Amino acid sequence: MKKKSSKRRAATTSSTSDTTSTASATTFSTTEELLSAATSLPLSSLKTLIHSIPFTSDLFPSLPSSLHSLLLSSLSSFQDPSASPPRSPPLASPSISPPTKRSRLDHLPLLKTYASITCFCFSHPEKPFSPDELLPCARSLHDSLVLFESDETLLAQMASLCEDWWKEKLPDRELLVSQSLPYFLSRSLTQGKKAGVRRVFALREAFALFDYEDESIEDVKLLLLRCFVTPVYVKSDEGRKILAFVLGLNEKLTKEALTLIRSQIPIAKKSVLVAYGEILFRAWRGIEKDSLVKEEIEDRFLQGLIEGAILAGSRGLNANIRRILGAFVEQRTAGGVEKLLCRLVEPVLFRSLQAANSEVRLNTLHLLLDIFPVIDPDSTREEKDNLLEKQLYFLEKLLSDDAPEIRAVSVEGLCKILRIFWEIIPTPTIPKILTKVIDEMSLDTCNEVRVSVLNGVRYLVENPLSHEIMRVLLSKIGRVVSDPALSVRVAAIDLLLAVCDNRFLQYNKIVDLETLVSLLGGDHTRVAQKITRLLLPTYFPTKLPLKDACARCISLIKRSPTAGARFCEFALLEGSSAKSLAELARLSLLLALSPNKGLDQDQTDGLVIAIYKTINSLSGDGEDFTFLDPVRKLLTVEKVKVLIDTISSDQAREALLNTASFLLPSPAGSNSLLDVCMEIVLSSVGLSVNLEKQRVVLAARKLIFTCGSSELMLEGLANALESAVSGFADKSVVDSVATPVMSNPRVKKKHGKKAKSSKLVIPSISELAAKAAAAAWQVKDLVISEETREVLLKSLFSDQIFSSLKALAEVFIEQCFEFENLDASPVVAYMSYAKYASLQEDASRSSPDQPTIIDNALDHVFNCIGQLLEKLVYNECHDRPSTLKRGRSSERNEGAQGSKVKGTQNIVKISAAILKFVLDATSTDLIKPDQLLRCLKFASTYTNYINLAIKSADQVNSSFDIETSKEALLLLRSTYTYMAKLLHLVITTSDDLSEEVFCITNSLLDLIPCVETHLGARHASLLVPVAKQWLPVFILGLGSKKLIVQVNETSPKLVDIPLWLLTLSEFTLESENEERILYFEKLVENLVILLKKGSPKILDAVGSVLLAGMKMGLEKGHYGLVEGLTSFVCLKLLGSGYGAFDNLELLRGSMQELLISIESCLGDGECEEGREHLENAMGLIRSALLNA
């Protein structure tokens, strides 16, 4: 006995002192000893201990029952911690006996140990315990799962035991799922991992054991319904199988799940909708035929989806529903699916195809095209044929539907049907449909319909059975390659590419080669690239020797230089190799340089452009350009000079210069090439409107900078500008012109021939202006480019250039009526130069108050334009001819005077340039507030002049002709936006708002009725959308003085009655007049809406402006104005609710003052001719004041 006790004590001591040691099963003689010692062992040691018990041990028979007894006691203590604890096993050490009172947490270690022993007994490799012996322990643990939510480890261990019991299909496994299955389900939803879904999938059959009619199952039902909107279930294959299984469990559960799916249709993604369709199909296929659940899916859910697809309010919803139905359509060969679709669709199909609502017809058409053919497999052959013919009849009928989108969908859908179901379509029907599609539908007025015809035919040629009839019909469709719509032409070339890939059809029988070459040369990039792909096997085939392939491509260039150049541009993108294209460039260059080449001028230019297009496409193909070495060796500086003398077009010059920049190692080796580039830079005119010339000049300038001759080029530009100034001065265009800084004598010309003496040719004013504008445009381009700005500003000729630009800007502004079509480049270049020079000057300026270069430049520009506008406004007001000075020579009448219309357009053009520059410069903080206010004053004067010019449009010798005013109005729209932005900028940044804010606001509002009255509604429609965007700014401009500055007068003073107030009063009084000014009236309606929605202070301020207009109308005897504005304020602005009138102090005071003035006027008898108007106005004011 002593020996056994000694062994027990040794075992206990060993286990407690060293957790890594393992007790031997032979140490214990009874299960009580084993279980007592197990409480102090770690899990790894405990597992080893249990698994080491031999099969013949005496511990096996009693271990399950003893374990169950202790487990029940521990569970009882865990549930009721206040109860007395169970007695310890008799041989347990007193040191580890539990206290008389324990908390619930104190029992967890024992429960974990007993649960682990149960799991280890279950997983014993020799299976010494039968399931019946372990079932009581497993069931006790399973039934207590809900008690251990706080301990995830214990919970997972117990649930895993139940899971393994189910998987091994042991007896009474259904007793271990009621708690464990909801646990696994909840855990999979929380973690969102596929591993959790797979565990639930292994237990899915257990869901059938639940009673879904019982109220206690609600929590499980909610978990199952959550699965239908959880991505991990919807997107995984196991999850979809689980959901399909759940749909067949219970009718009530199925209804709730289907309702949840239905709610997701409008918002779910495409992949989710496809997954729902798969779930529904699997559920439907797995359910018994006469089941109520199957009836729920078929007759309620699917039938509801079909009706919903037909009546869908949006096309997106219709598409979403059809994605769910698509799972059944894709599986239509499965048993019963086709019959189901026919049964659900056929009763509503044909009625909906004839619905009056076009959206219903379109939705039904989409549904029919998805499900076609709608056939009942159990019907007779005759019934099938009749039903098929009926569907084809309606599809053909929809080809002539009134709705273009229905025609487009039907034609493309019919072609797809013919491609797939060619064999079952009646033979007479096919040519009938195709003839209508190609002969009629390809000429449809809607672009989308014509595109659908081409797309449909492209699908159709994929069916070999269609080739015989398509050979005949395709020749009729070739005309669409010249369709005016780009999308149609792209679709036509896609069709030709599809035909090209078909060895039984030939694309040249559809469209002749000449047409394709013409399109390649002049069409959009998308079309040209596709044509290149089409013609590549013909003109640059890979199967021929490279020399022969290049010869074919060169023949294309000779045939059509433009088409050949574009072919070379896209050849690399369409699969040609870089080396073969480099050889093509070399051979083309050899031909262009050949003295006896037999090429005309266009062909030579085309070869040069094609070489550049080829080289340019290759330059982006990696960094290794060794394959271009043969071309580099061939293209020397001398040969570039030869080609420049040979080619004639601007595009060819640009191409050659860019090619030389890329290929020549050092262009500086030839003065002759530099001379050519300098000539291009200095002699080009009309650059501001000619993009091709711009590109040539930029290419030449790039070569000059590469040569290091930028200073020489700047000297040439400076001299050109100075020469233009001198030319204008010689013609006495101005009284005095600022003398530019002379050329720096230290700079010497690097090369150049000595000028020969010749007869002096005096240029005309137009020629001088063109040369000056071209040189100024180049200076502007140089100064705004970051790459060249520094070179220009640090040049020795920078002062000379700037002073010349200053003089030219003055000439172009003051003499804008002298030019037929003014180029504002000198003005823009002058201001741009000043802007960037000021930015460079900021670092060296000693005082921030010192005027900057841009300050002086703006002062100069505003002085010039201000004086001009003041003269023009004076002349328009006094109906005098222009007093602007003109040249003394006979050339002054040589088109330089221009028409008054062109003069007005020139004023608008220059003003737009100035306003745009000022707004752009404000972003760099270069414009001071006083300059902004001065610009605002200029804008106000400019707007007044435009209003006067437009008002005289119907007079003789008008300066604003109606027929030719569109160009000016387009410019005017831009300046209108600039002035509104400027007004907003001043209002938001200036503390002291000047009178100019109020004046320009009135002028801008005047411009709308002025244009609509004198030029017509068509012209006003260009300005009203712009004015509508800036109405909030105009409102603040009208009420700015009252909102910001406290003044004594109750209403602002007006110098004259604004036109917009006169117009406003007129259409208020004559609301039934057929000749109402509609655009301005709509603008006023928006103005009223904004005032009513805004602050009462703003309404009060603007209302005082309107009453100031009434007061002036009363003083000037304009009594209709008084009544009209009074009616507008009282009836439209204030409306019937005068409750807010209490907050309108200014408006109420102004109305009281106006009422006294009207009464005085009527009392004195001075206003008898307007008595009716004034009495009506007085009645409205009294009513408003009384109600207030």
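Before any of the text, the structure's been laid out above.
In short, a report on the structure. No experiment lies behind these values; they were computed from the predicted model shown.

### Topic: helix α26 (residues 525-539)
Along an α-helix, a turn takes 3.6 residues, which lines up residues three or four apart on a common side.
Here is step 1: Its maximal kink placed at Arg 533, α26 deviates by approximately 35°, while the proline Pro 537 follows within four residues.
Here is step 2: If you check which residues of α26 are buried, you get Val 527, Ala 528, Lys 530, Ile 531, Thr 532, Leu 534, Leu 535, Leu 536 and Tyr 539.

### Re helix α16 (residues 315-330)
Here is step 1: End to end, α16 covers 22 Å across 16 residues, agreeing with the expected 22 Å (1.5 Å per residue, within 8%).
Here is step 2: The sharpest bend along α16 measures roughly 35° and falls at Ile 324.
Here is step 3: Every buried residue of α16 is listed here: Asn 318, Ala 319, Asn 320, Ile 321, Arg 322, Ile 324, Leu 325, Gly 326, Ala 327, Phe 328 and Val 329.
Here is step 4: On its buried side, α16 packs onto α14 (270-286), α15 (292-310), α17 (337-353) and α18 (358-371).

### Structural notes on the environment of Leu 34
Here is step 1: Take Leu 34: it is sitting in helix α2 (residues 31-38).
Here is step 2: Classification of Leu 34 by relative accessible area gives buried; the value is 1%.
Here is step 3: Through-space distance from the C-alpha of Leu 34 to that of Ile 50 is 9.3 Å; in sequence the pair is 16 residues apart.
Here is step 4: Excluding residues within four positions of it along the chain, Leu 34 makes contact with Phe 28, Leu 49, Ile 50, Ile 53, Leu 59 and Leu 63.

### Some remarks on the nonpolar core
Here is step 1: Counting residues in each nonpolar core, the largest one holds 404 residues, and the members touching the most others are Tyr 233, Leu 474, Ile 477, Ile 914, Phe 1034, Leu 1064 and Ile 1158.
Here is step 2: With near-sequence residues (within four places) excluded, Ile 914 lies in contact with Val 827, Met 831, Val 861, Phe 862, Ile 865 and Phe 938.

### Some words on the packing of aromatic side chains
Any two aromatic rings considered together are summarised by their centre-to-centre distance and by the angle between their planes.
Here is step 1: In this structure the tally under the stated criterion is 19 aromatic pairs.
Here is step 2: Considering the side-chain rings of Phe 207 and Phe 210, the 6.5 Å spacing of their centres and the 40° angle between planes classify their relative orientation as tilted.
Here is step 3: In this structure Phe 207 comes out as buried when scored by relative accessible area, which is 1%.
Here is step 4: With a centroid separation of 6.0 Å and 70° between ring planes, the pair formed by Trp 284 and Phe 328 is classed as edge-to-face. In this pair, Trp 284 is assigned in helix α14 and Phe 328 in helix α16, connecting sequence segments 44 residues apart.
Here is step 5: Overall, Phe 328 belongs to the buried group, its relative accessible area being 1%.
Here is step 6: Aromatic rings pair up to connect Phe 207, Phe 210 and Tyr 212 into one cluster.
Here is step 7: For the cation-ring pair, Lys 127 lies above Phe 122, with the distance from its terminal atom to the ring centre recorded as 5.2 Å.

### Quick look at the packing of helix α32 (residues 637-646) against helix α33 (residues 650-663)
Here is step 1: Running from amino to carboxyl end, α32 crosses α33 at an angle of 170°, the nearest separation of the two axes being 10 Å. Regarding the angle of α32 to α33, the classification is roughly antiparallel. Each of Val 640, Leu 643 and Ile 644 in α32 lies in contact with α33, whose residues at this interface are Leu 656, Leu 657 and Ala 660.

### Let's talk about unusual backbone geometry
Here is step 1: A cis amide bond links Phe 372 to the next residue, Pro 373, at an omega of -5°.
Here is step 2: Position of Pro 373 among the secondary structure elements: in the loop between α18 and α19 (381-398).
Here is step 3: For Lys 169, which is not glycine, the phi dihedral falls at a positive 55°.
Here is step 4: Mapped onto the elements of the fold, Lys 169 is located in the loop between α7 (152-167) and α8 (180-191).
Here is step 5: Positioned with a positive phi, Asp 172 is a non-glycine residue whose angle comes to about 60°.
Here is step 6: Mapped onto the fold, Asp 172 is located in the loop between α7 and α8.

### What about the side chain of Glu 163?
Here is step 1: By secondary structure assignment, the location of Glu 163 is in helix α7.
Here is step 2: For Glu 163, a relative accessible area of 4% corresponds to the buried category.

### A look at the packing of helix α45 (residues 995-1014) against helix α49 (residues 1059-1069)
Any two packed helices are characterised by how steeply their axes cross, that is the angle between the axes, and by the distance between the axes.
Here is step 1: At their nearest, the axes of α45 and α49 sit 7 Å apart, and the two run at 50° to each other. The orientation of α45 with respect to α49, classified from their angle, is oblique. Taken together, the residues of α49 that come into contact with α45 (itself represented by Asn 1002, Leu 1005, Asp 1006, Pro 1009 and Cys 1010) are Leu 1059, Trp 1060 and Thr 1063.

### A word on the environment of Ser 487
Here is step 1: Along the chain, the position of Ser 487 falls in helix α24 (residues 486-500).
Here is step 2: For the pair Ser 487 and Asn 447, spaced 40 residues apart in sequence, the C-alpha to C-alpha distance is 7.6 Å.
Here is step 3: Setting aside residues no more than four positions away along its own chain, Ser 487 makes contact with Asn 447 and Val 451.

### Some points on the pattern of salt bridges
Here is step 1: Taken as a whole and judged by the stated rule, the model has 44 salt bridges.
Here is step 2: Between Lys 241 and Asp 237 there is a salt bridge, with the nearest N and O atoms lying 3.3 Å from each other. With Lys 241 and Asp 237 both in helix α12 (residues 237-247) and 4 residues apart, this pair spans about one turn of that helix.
Here is step 3: Of the charged contacts in the structure, one is a salt bridge between Lys 613 and Glu 569, with a shortest N-O distance of 3.8 Å. Taken together, the residues span a long stretch of sequence, with Lys 613 in helix α30 (residues 601-619) and Glu 569 in helix α28 (residues 561-571) at a distance of 44 residues.
Here is step 4: Overall, Glu 569 belongs to the partly exposed group, its relative accessible area being 25%.
Here is step 5: Overlapping salt bridges bring together Asp 237, Arg 240, Lys 241, Glu 278 and Arg 282 as one network.

What counts as what
- Residues numbered from 1 in each chain as written.
- Predicted model: local features only at pLDDT ≥ 70, side-chain atom pairs only at ≥ 80, totals over all residues.
- Heavy atoms only, no water.
- Bend = angle between axes of the 7 residues up to and from the residue.
- Helix = DSSP H or I, 4+ residues; strand = E, 2+ residues; numbered from the N terminus.
- Buried < 20%, exposed > 50% of the residue type's maximum accessible area, 1.4 Å probe, protein only.
- Expected span 1.5 Å × (residues − 1).
- Contact = heavy atoms within 4.5 Å.
- Core = buried A, V, L, I, M, F, W, Y, C linked by side-chain atoms within 4.5 Å.
- Phe/Tyr/Trp six-rings, centres within 6.5 Å; stacked < 30°, edge-to-face > 60°.
- Lys NZ or Arg CZ within 6 Å of the ring centre and 35° of its normal.
- Axes fitted to C-alpha atoms, helices over the stretch in contact; angles between N-to-C directions.
- Parallel < 35°, antiparallel > 145°, perpendicular 65-115°, else oblique.
- Salt bridge = Lys/Arg side-chain N within 4 Å of Asp/Glu carboxyl O.

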